[in-house]
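The residues making up each chain are set out below.
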Amino acid sequence: MTKTTAVPSNVPNPVEQRVADLLARMTLTEKVGQMRQVNASEGHPPDYLAALIRAGSVGAVINQADVHVINELQRLAVEESRLGIPLLVGRDVIHGFRTIFPIPLGQAATWNPELVREGARVAALEAAAAGINWTFAPMIDIARDPRWGRIAESFGEDVFLTAALAVAMVEGLQGDDLSSPGSIAACAKHFAGYGAVESGCDYATTNIPENQLRNVYLPPFKAAVEVGVATLMTSFSDIDGVPGTANAFLLRQILRNEWGFPGVVVSDWDSVHQLQIHGLTENDGESAFEAVTAGVDMEMAGDVYANHLAALVESGRIAIGMIDAAVANVLRTKFQLGLFEHPYVEPAAHPSPGSEHALLAAKRMAAQSVVMLKNDSRTLPLSIQQLSSVAIIGPLADAPYEQLGTWIFDGDVALSVTPLEAIRTLLGDAVEVRHLRAMENSRSRETEAFNEAVEAAHACDVAILFLGEESILSGEAHSRADIHLPGDQAKLVQRIRETGTPVVAVIMAGRPLTLANIVDDVDALLFAWHPGTMAGPAIADLLFGRESPSGKLPVSFPRMVGQVPIYYSHKNSGKPPSPDNIVHIDDIDTFAEQTSVGMTSFHLDAGYTPLFAFGHGLSYAEFEYDHIRTGAHTVSIGDAVTISAELTNKSDIAADEVAQLYVRDLAGSVTRPIRQLAGFQRLRLEPGQTVTVAFRLHTDDLAFYGRDQNLAAEPGEFHAWIGGSSETELRTEFRIVASG
Ligand code: NOJ
């Protein structure tokens, strides 16, 4: 993995020498060209684009995925431009290229960095075979608002989990070395705070105090930078009044000065021009000035840089040194990718898309991403031997496109295996399968077809409902204010419930939904996100017990949308709620006085807990945690402490469990979260097996940005918990003391 460590100035660095040599030979037009990315979505390169490339006026293209067109674009750059500088070829390869893996939020539910790395590797290989050398992933915006459509693209609400998966995805995409075959440049996005858009409405304003920014929103980016992410994208939204694309505090002070990022900063689509629309500038010339001085090296899909940078340099407003530094970042990345040596793609050198390996990896990840939220009376797993008929009902049982989720430009729908197909294959002739779609799509309010579905459910041994959201309901610019199951799906659930037949619901969606209105009407509930190409086989294996569910929620599920943002690692407040000091609105006396209820931090109608907590996820096995202990009761700053517990599989089936470590710093120079994830391990336990789960915590792992905005561990008392969700009560304590 490429590290960001600066090369000592006395050691010759071939890449830096080549960058300097090239820069010295470039005209201002050619330099500005390297800072420009052009939308090349048309098929054969149009004349204007060919002319721009020949003139050295394009550094990168986006949205071309045809290997022949890409090779032609590279040929124009390499053979017909004066300096022969190859192009960066960017594409949104977000959760797979041809083979689609679960949406990133589903990937996060696996709590399995190995699988995320492997999925990214498959995606990179498939994309590289098409000539793509740069993707705009991972998206590592902390997302605590399920109304936001882009929560689907995120790894959820947690800092530690997001950082771990950010590293895994960058490693998978970039491989051991950016220049090795099948490696593509990753892009950590969106810098920064985009997940905090007001009311979950995409592109809206964010307001994040610096301390929260540093402790919550930035650490995943820092982790990505430390592991060598090649590029970074700015956020569309404004933060504290300054849009990401003009934010020198973020891009210069933090990213370059504090973290030493040597890669490329690219704007988001047209976001340089949008500085004017935000009301930050009066015209494009000023927008170019703001973006370049803030530290944006390349403009995505716009022509503001192309139209204005040269004039800004010639008028003396921008020093040529600033342009040179930006261009050097772009050239450095191209050298690191090995593009000068290998600008063209030999498709035969890479595995074919949808290979057996890719499909297996996609199935494995889909299976581990499914979270079992409820399983009353051991309804699941279903036993093939004990069933004679199954009713498969709902708009998402057989929807090959919808199961893929958002951002699947190049996904091959023909590869999709739907749950209906997979269940039919698994059950063969042994069990009768009746399929009733019941609703045209998830949003439908047409209930006429319910009757037939109800009849089928009545006649069958079990009803499996495939509900949720189509892919169009989440993703960029697809936010919702109401996050119930859309349309009349809840009514469908009630009608099926009334048959008395056991009801299993499998929900596919791009976000957490408010499920309080259906959860009591189902016996078992699997939350499958959008699982991708191999949704069917993965879900069929889980339903019929060939695999135990092992996913855990990467984000809290609110009872009501009014609780949003609701996340486990909140602050305590001065008036924390507890079960004995809250009251429900329905229980208030008719003539109650103002002061007679509560006086703690809760909602009268929703309480203070989520419907399903972060980290929650059931298994067919039964896991028990016990005997938590610390290796030492005090730890000096600079040392480490081990926290461990015994984990036993008390069932007679082998299954995976994700053991989670949470910590709380009881008093800090700034208030600290009531719990924070500080470690996790996915473990396979055989029936009856007991293992010791141990986490080693260095005091650096407990460091946070304090009142002075410096990163440090502070002496004091800590609590630590180990368990299978953020609600675990198995606790121990230790104390950090000053060293020496
Ligand atoms: C806009 C999105 O915000 C960004 O995430 C994406 O990579 C670019 N468009 C390119 O499609």
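Residues numbered from 1 in each chain as written. Predicted model: local features only at pLDDT ≥ 70, side-chain atom pairs only at ≥ 80, totals over all residues. Heavy atoms only, no water.

(A) Focus on empty space enclosed by the protein. The full count for this structure, using the stated rule, is 3 cavities of 30 Å³ or more. Size it by volume and the largest cavity reaches roughly 80 Å³. As for the largest cavity, its lining consists of Glu30, Gln34, Ile53, Gly56, Val58, Ala77, Ser81, Arg82, Leu83, Gly84, Ile85 and Leu87. Split into classes, the residues belonging to the lining of the largest cavity amount to 6 nonpolar, 4 polar and 2 charged. Of the volumes computed, that of the second largest cavity is approximately 60 Å³. Forming the boundary of the second largest cavity are Val93, Ile94, His95, Gly96, Phe101, Gln107, Gly119, Ala120, Ala123, Met169 and Leu173. Listed by contribution, the elements that provide at least two residues to the lining of the second largest cavity are helix 6 (113-129) and helix 7 (159-174). With 3 residues, helix 6 is the single largest residue contributor to the lining of the second largest cavity. Here the residues of the lining of the second largest cavity are counted per class, giving 7 nonpolar, 4 polar and no charged. (1 Å grid on protein atoms, 1.4 Å probe; cavity = no way out; pocket = protein on both sides within 12 Å on 5 of 7 lines; lining within 4 Å. Points joined across faces, edges and corners; volume = space filled by probe spheres on them. Nonpolar A, V, L, I, M, F, W, Y, C, P; charged D, E, K, R; others polar. Helix = DSSP H or I, 4+ residues; strand = E, 2+ residues; numbered from the N terminus.)

(B) The arrangement of the sheet that holds strand 2 (residues 60-62) in detail. A sheet is described by the order of its strands in space; here 4 strands give the open sequence 1-2-3-4, paired in parallel fashion. If you trace the sheet from one side to the other, it starts and ends with strand 1 (37-39) and strand 4 (134-135), each paired once. Here strand 2 runs beside strand 3 (residues 88-91); their pairing, made up of 3 bridges, is parallel. Bridging across to strand 3, Ala60 finds its partner in Leu88. (Pairing = 2+ DSSP bridges.)

(C) Highlighting the domain arrangement of the chain. For the chain, the assigned domains read domain 1 (14-349), domain 2 (362-543) and domain 3 (623-737). For domain 1 and domain 2, the distance between their C-alpha centroids amounts to 36 Å. Of the residues lining the interface, 36 residues belong to domain 1; the matching set on domain 2 comes to 35 residues. Across the interface of domain 1 and domain 2, roughly 2,800 Å² is buried in total on both sides, 61% from carbon and sulfur atoms. Inspection of the region where domain 1 meets domain 2 yields 3 salt bridges. Close ionic contact of Arg91 with Asp410 constitutes a salt bridge, the shortest N to O distance being 2.9 Å. On inspection of domain 1 and its partner domain 2, the count reaches 20 residue pairs in polar contact (both at pLDDT 80 or more). Secondary structure elements with two or more residues in the side of domain 1 that touches domain 2: helix 5 (104-109) and helix 6. Among the residues making up the side of domain 1 that touches domain 2, the classes are represented as 18 nonpolar, 10 polar and 8 charged. (Domains from an automatic or database assignment. Contact = heavy atoms within 4.5 Å. Buried area = accessible area lost by both parts, 1.4 Å probe. Salt bridge = Lys/Arg side-chain N within 4 Å of Asp/Glu carboxyl O. Polar contact = N/O pair within 3.5 Å; in protein donor to acceptor, adjacent residues only side chain to side chain.)

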